Amino acid sequence: MTDPRSVADDAPVFVISVAAQLAGMHAQTLRQYDRLGLVSPGRTAGGGRRYSPRDVALLREVQRLSQEDGVNLAGIKRIIELESQVEALQDRVRELLAEVEVAQHRALAAESAFRPDFGHPSPGTALVVWRPRGPRSSR
C-alpha cells in the first residue's frame, strides 16, 4: 500500500477500496459521500475514481464529524463548503497583503527618488517650537 504522505497532497492515486480503508470506512459509505458531493475524486481516462491524500483526510474529517460530533451529512457538507471558503479568503488576504507590501516599497522608493532626505533627517535641520507656559509666578 502506498503511504499517503509520499505523494502530492492533491494527486488522485488511490482506488476506492484503498481510500476507504485509509479513511476507516466501508467503500459503499465512500461512494455515498461521493454521490452527496462531500468528496470529489479525480477520474481516470476510463472513468474510474481516484482519491488523493487530501480526499482521504477529508473523508476522515467527515467520519469524525458524523460519528464523534453527531453532525448530519447536510451539516457536514455545509461545514466543508464554509471551510473551503475560509481557506480561499485566507489565501486572498495573503495575496493582498503581499501586494500592499510591494506598493508600500514602491511608494517609499518613489518618495526617496524625489526627496533624497526622505525618512533620514540630516543633523542640524530639526526645528523646535517653543511655547511659553503662561505667566510665571515669582518664587
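Below is a short write-up of the structure. Predicted, not measured: the structure shown is a model, and the values here were computed from it. (Residues numbered from 1 in each chain as written. Predicted model: local features only at pLDDT ≥ 70, side-chain atom pairs only at ≥ 80, totals over all residues. Heavy atoms only, no water.)

Across its full length, the protein carries four helices and two strands. The helix and strand sequence of the protein, counted from the amino end, reads α-α-β-β-α-α. Long-range pairs, those at least 24 residues apart, make up 51% of the contacts in the protein between residues at least 6 apart in sequence. Carbon and sulfur atoms make up 54% of the accessible area of the protein, which amounts to about 10700 Å² in all. (Helix = DSSP H or I, 4+ residues; strand = E, 2+ residues; numbered from the N terminus. Contact = heavy atoms within 4.5 Å. Areas by Shrake-Rupley, 256 points an atom, 1.4 Å probe, with all protein chains shown as cover.)

Following both chains from N to C, one finds helix 1 (residues 16-23) and helix 3 (residues 53-67) inclined at 50°, their axes separated by 9 Å at the closest point. For the element pair helix 1 / helix 3, the angle class is oblique. In the packing of helix 1 onto helix 3, the handedness of the crossing is right-handed. Mapping the contact onto sequence places Ala-19, Leu-22 and Ala-23 in helix 1 and Val-56, Leu-59, Arg-60 and Gln-63 in helix 3. In terms of residue class, the contact of helix 1 with helix 3 is built from five nonpolar, one polar and one charged. (Axes fitted to C-alpha atoms, helices over the stretch in contact; angles between N-to-C directions. Parallel < 35°, antiparallel > 145°, perpendicular 65-115°, else oblique. Left-handed = near helix turned anticlockwise from the far one by under 90°. Nonpolar A, V, L, I, M, F, W, Y, C, P; charged D, E, K, R; others polar.)

Looking at the element boundaries, Gly-24 is found in the loop between helix 1 and helix 2 (27-36). Its relative accessible area of 57% is what places Gly-24 among the exposed residues. Along the chain, Gly-24 and Gln-63 lie 39 residues apart, while their C-alpha atoms are 8.2 Å from each other. (Buried < 20%, exposed > 50% of the residue type's maximum accessible area, 1.4 Å probe, protein only.)

One pass over the full model with this rule turns up nine salt bridges. Between Arg-54 and Asp-9 there is a salt bridge, with the nearest N and O atoms lying 3.3 Å from each other. Separated by 45 residues along the polypeptide, Arg-54 in helix 3 and Asp-9 in the segment before helix 1 bring together distant segments of the chain. A salt bridge links Arg-43 to Asp-34; the nearest nitrogen and oxygen atoms lie 4.0 Å apart. (Salt bridge = Lys/Arg side-chain N within 4 Å of Asp/Glu carboxyl O.)

Listed in full, the buried residues belonging to helix 1 are Ile-16, Ala-19, Ala-20, Leu-22 and Ala-23. One side of helix 1 carries all its buried residues, which in axial view fall inside an arc of 165°. Turning to helix 1, the residues buried within the fold contact helix 2, strand 2 (49-50) and helix 3. Gly-24, located one to two residues past helix 1, shows a positive phi value of around 75°. (Arc of directions from axis to C-beta.)

The next thing to look at is the nonpolar core. Judged by nonpolar contacts, the single largest core of 19 residues is most densely connected at Met-25, Leu-30, Tyr-33, Tyr-51 and Leu-59. Of all the secondary structure elements, the ones that give two or more residues to this core are helix 1, helix 2, helix 3 and helix 4 (73-114). Among the elements that take part in this core, helix 1 stands out by supplying five residues, more than any other. (Core = buried A, V, L, I, M, F, W, Y, C linked by side-chain atoms within 4.5 Å.)

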